Amino acid sequence: MTKAGGHVGAHVGEHAGTGAETTRAHLVGAVRNAAVTGLIGFGLFLPLIGFQTITDIRDVLILATRWPLLLAVVGGITASRFFYLMMLAPRLERGALRLPQPALAVLGNVLRNWFVPFAIAFAIVYPMIVVLAVGFGGAVRWIDNFGIQILIYVMLGWGLNIVVGLAGLLDLGYVAFYAVGAYSYALLAKTFGLSFWILLPLAGTLASFWGILLGFPVLRLRGDYLAIVTLAFGEIIRLILINWVPVTNGYAGITGIPRPTLFGIPFNANEDGFAAVFGLEFSPLYRIVFLYYVILALALVTCYFNLRLRQLPIGRAWEALREDEIACRSLGINTTNTKLTAFAMGAMFAGFAGSFFAARQGFISPESFTFLESATILLIVVLGGMGSQIGVAIAAVVMIGGTEIMRQLGFLKQIFGPTFDPTQYRMLLFGLAMVAIMRWRPRGLIATRVPSVFFKKRRNISVDLVTEGRG
């Protein structure tokens, strides 16, 4: 017994020693990997964050350094990498973070049945919640900067989702149609005095016409070539807005754009204004709330049309074009008309959003329609999940709402200095989010595409029959 016990003790000691060596090796590897990641981060962020060019009172360019901010960013990256390697990576390998299939099914049913109605109800009562929370004075900022701004990008994302998500056509010049809608409304409203409700469909029609004009030259293009042509189209529209000064007023933009009214009642402080007609004290909040519900209605109409179009033959033709253009042609589908309708429908919704943007701002200029706007809208579609309405809405809330929240982080100036502006790094954060999404969820936040038609009932498709990995 003593001899056997000695063998068992030696065996246990061997296992303990092996386990300790494995843990030590894992720790050393994690430290080394995190250190290398920190060095790479230091090299990348040194010119982006560590150095800053400022102009002094003599108009001389000076190179300033921001070492605390740089070290804080690099330290955060290093610590995050070390935490991931030590805590998350082993658990992910063992599958400990995966929910069992019954729990996933229950969670999916709850989200499918209750998330959309809850989100729509919350969007409807959002102004009331804000007024109750912060009062009339502070509600203007929260409804305008958060509610209206987010809904504009939700509508733009759903419009671009037709071209990119459903038809599979990469469009980098989508902001051009946004600009066409905005300038169409501004010029026609100021020149002819037409109301917002008349010019709204007209602006969408004009933007759709320009979408067809873009579609003709790119009918035979795909992939990178299509992206380059659409990017060029967006830049051409922007240069036209800048240089066609007699019409667009160039860089100075167009001011005094008429605001939308409620059945002819303007939202001003005059005797015929909304507050005076209904016996209320004048407040700019009434106009903001009215604009909020207008863009909410436009966004919901856009979503409804997208869902209905997917179930029509044209929607199924878009999806066939996205999956395989050659197979789409072999089925007898006219790919020329399919591409043109995709560009036209996507551009129409961008025109609607552009006309609303001009009416809301009262001022537009070419600076509002740069390539950065197209990139932001495309990021929303890609991060949310191409072809997913819910995913695009969630991505717009996170990206645009996150940018607005960053403007409120005033305490960061006490840490990194009074000149620190968090919004300057929003594109850097968007880039990191894109890298993370492409690493862990390459198809976006909402990766499942619900088929537009199905035979009798929905069934799962074998993985080997679906190129996307799931069907």
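The paragraphs below set out a description of the structure included in this document. (Residues numbered from 1 in each chain as written. Predicted model: local features only at pLDDT ≥ 70, side-chain atom pairs only at ≥ 80, totals over all residues. Heavy atoms only, no water.)

### A short note on the overall build of the protein
Here comes step 1: Secondary structure assignment for the protein yields 16 helices and four strands.
Here comes step 2: Buried residues in the protein amount to 40% of all 471 residues.
Here comes step 3: Long-range contacts, defined as pairs at least 24 residues apart, comprise 70% of the intrachain contacts of the protein with a sequence gap of at least 6.
Here comes step 4: Accessible area of the protein: about 26300 Å², with a carbon and sulfur share of 68%. (Helix = DSSP H or I, 4+ residues; strand = E, 2+ residues; numbered from the N terminus. Buried < 20%, exposed > 50% of the residue type's maximum accessible area, 1.4 Å probe, protein only. Contact = heavy atoms within 4.5 Å. Areas by Shrake-Rupley, 256 points an atom, 1.4 Å probe, with all protein chains shown as cover.)

### Side note on the packing of aromatic side chains
Here comes step 1: Counted by the stated rule, this structure contains 22 aromatic pairs.
Here comes step 2: Both rings, one in Trp-210 and one in Phe-233, keep their centres 6.5 Å apart while their planes meet at 45°; by these two values the pair is tilted. Of this pair, Trp-210 sits in helix α5 (residues 196-215) while Phe-233 sits in helix α6 (residues 224-243), placing them 23 residues apart in sequence.
Here comes step 3: Residue Phe-233 is classed as buried on the basis of its relative accessible area, which comes to 12%.
Here comes step 4: Between Phe-267 and Phe-274 the ring centres are 5.0 Å apart and the planes differ by 25°, which places this aromatic pair in the stacked class.
Here comes step 5: Pairwise contacts between aromatic rings join Tyr-185, Phe-196, Trp-197, Phe-267, Phe-274, Phe-278, Tyr-286 and Phe-290 into one cluster. (Phe/Tyr/Trp six-rings, centres within 6.5 Å; stacked < 30°, edge-to-face > 60°.)

### Regarding helix α16 (residues 426-440)
Here comes step 1: The end-to-end C-alpha distance of α16, which contains 15 residues, comes to 21 Å, matching closely the 21 Å that a straight helix rising 1.5 Å per residue would cover.
Here comes step 2: Turning to α16, its buried residues are Arg-426, Phe-430, Met-434 and Ile-437. The arc enclosing the buried residues of α16, seen along the axis, measures out at 85°, which places them on a common side. Opposite the buried face of α16, at more than 90 degrees from it, the exposed residues are Val-435, Arg-439 and Trp-440. (Expected span 1.5 Å × (residues − 1). Arc of directions from axis to C-beta.)

### Let's talk about the pattern of salt bridges
Oppositely charged side chains may form a pair once their charged atoms are brought near each other.
Here comes step 1: The final tally for this structure, using the stated rule, is six salt bridges.
Here comes step 2: A salt bridge links Glu-323 to Arg-322, with the nearest nitrogen and oxygen atoms 3.0 Å apart.
Here comes step 3: Using a relative accessible area of 44% as the deciding quantity, one classes Glu-323 as partly exposed.
Here comes step 4: Here Glu-325 ties to Lys-339 by a salt bridge, and the two come within 3.4 Å at their closest N and O atoms. Taken together, the residues Glu-325 in helix α11 (residues 325-330) and Lys-339 in helix α12 (residues 335-361) connect sequence positions 14 residues apart.
Here comes step 5: Looking at Lys-339, the relative accessible area reads 3%, which means it is buried.
Here comes step 6: Look at the salt bridges and you will find they share partners, linking Glu-325, Arg-329 and Lys-339 into a network. (Salt bridge = Lys/Arg side-chain N within 4 Å of Asp/Glu carboxyl O.)

### Comments concerning the packing of helix α13 (residues 371-384) against α16
Here comes step 1: Running from N to C, α13 and α16 cross one another at 30°; their axes reach a closest spacing of 11 Å. With respect to α16, the element α13 is oriented roughly parallel. In terms of crossing hand, the pair formed by α13 and α16 is left-handed. Residue-level contacts link Leu-372, Leu-379, Val-382 and Leu-383 of α13 to Arg-426, Met-427, Phe-430, Ala-433, Met-434, Ile-437 and Met-438 of α16.
Here comes step 2: Each residue belonging to the contact of α13 with α16 can be placed in one class, and the counts come to 10 nonpolar, no polar and one charged. (Axes fitted to C-alpha atoms, helices over the stretch in contact; angles between N-to-C directions. Parallel < 35°, antiparallel > 145°, perpendicular 65-115°, else oblique. Left-handed = near helix turned anticlockwise from the far one by under 90°. Nonpolar A, V, L, I, M, F, W, Y, C, P; charged D, E, K, R; others polar.)

### Brief notes about the side chain of Thr-248
Here comes step 1: Relative to the elements of secondary structure, Thr-248 occurs in helix α7 (residues 245-248).
Here comes step 2: A polar atom in the side chain of Thr-248 sits 2.5 Å from the backbone oxygen of Leu-241. (Polar contact = N/O pair within 3.5 Å; in protein donor to acceptor, adjacent residues only side chain to side chain.)

### Comments concerning the nonpolar core
Here comes step 1: Counting residues in hydrophobic clusters, the biggest one holds 94 residues, and the most contacted among them are Leu-156, Phe-356, Ile-364 and Phe-369.
Here comes step 2: No other element matches the 20 residues that helix α3 (residues 101-166) contributes to this core.
Here comes step 3: Among residues more than four places away in sequence, those in contact with Phe-369 are Val-175, Tyr-178, Ala-179, Ala-182, Tyr-183, Arg-238, Phe-357 and Ile-364. (Core = buried A, V, L, I, M, F, W, Y, C linked by side-chain atoms within 4.5 Å.)

### Quick word on the pairing of strand β2 (residues 61-65)
Here comes step 1: Where strand β1 (residues 51-55) lies against β2, five bridges are found, and the strand directions are antiparallel. Looking across to β2, one finds that Thr-53 is bridged to Leu-63.
Here comes step 2: Here β1 folds back onto β2 in antiparallel fashion, the turn holding five residues, of which Asp-59 has a positive phi close to 60°. (Pairing = 2+ DSSP bridges.)

### Some remarks on the side chain of Thr-338
Here comes step 1: Position of Thr-338 among the secondary structure elements: in helix α12.
Here comes step 2: Reaching out from Thr-338, the side chain makes a polar contact with the backbone oxygen of Asn-334 at a distance of 2.8 Å.
Here comes step 3: Each residue touching Thr-338, except ones within four places of it in the same chain, is listed here: Ile-314, Ala-317, Trp-318, Leu-321 and Ile-333.

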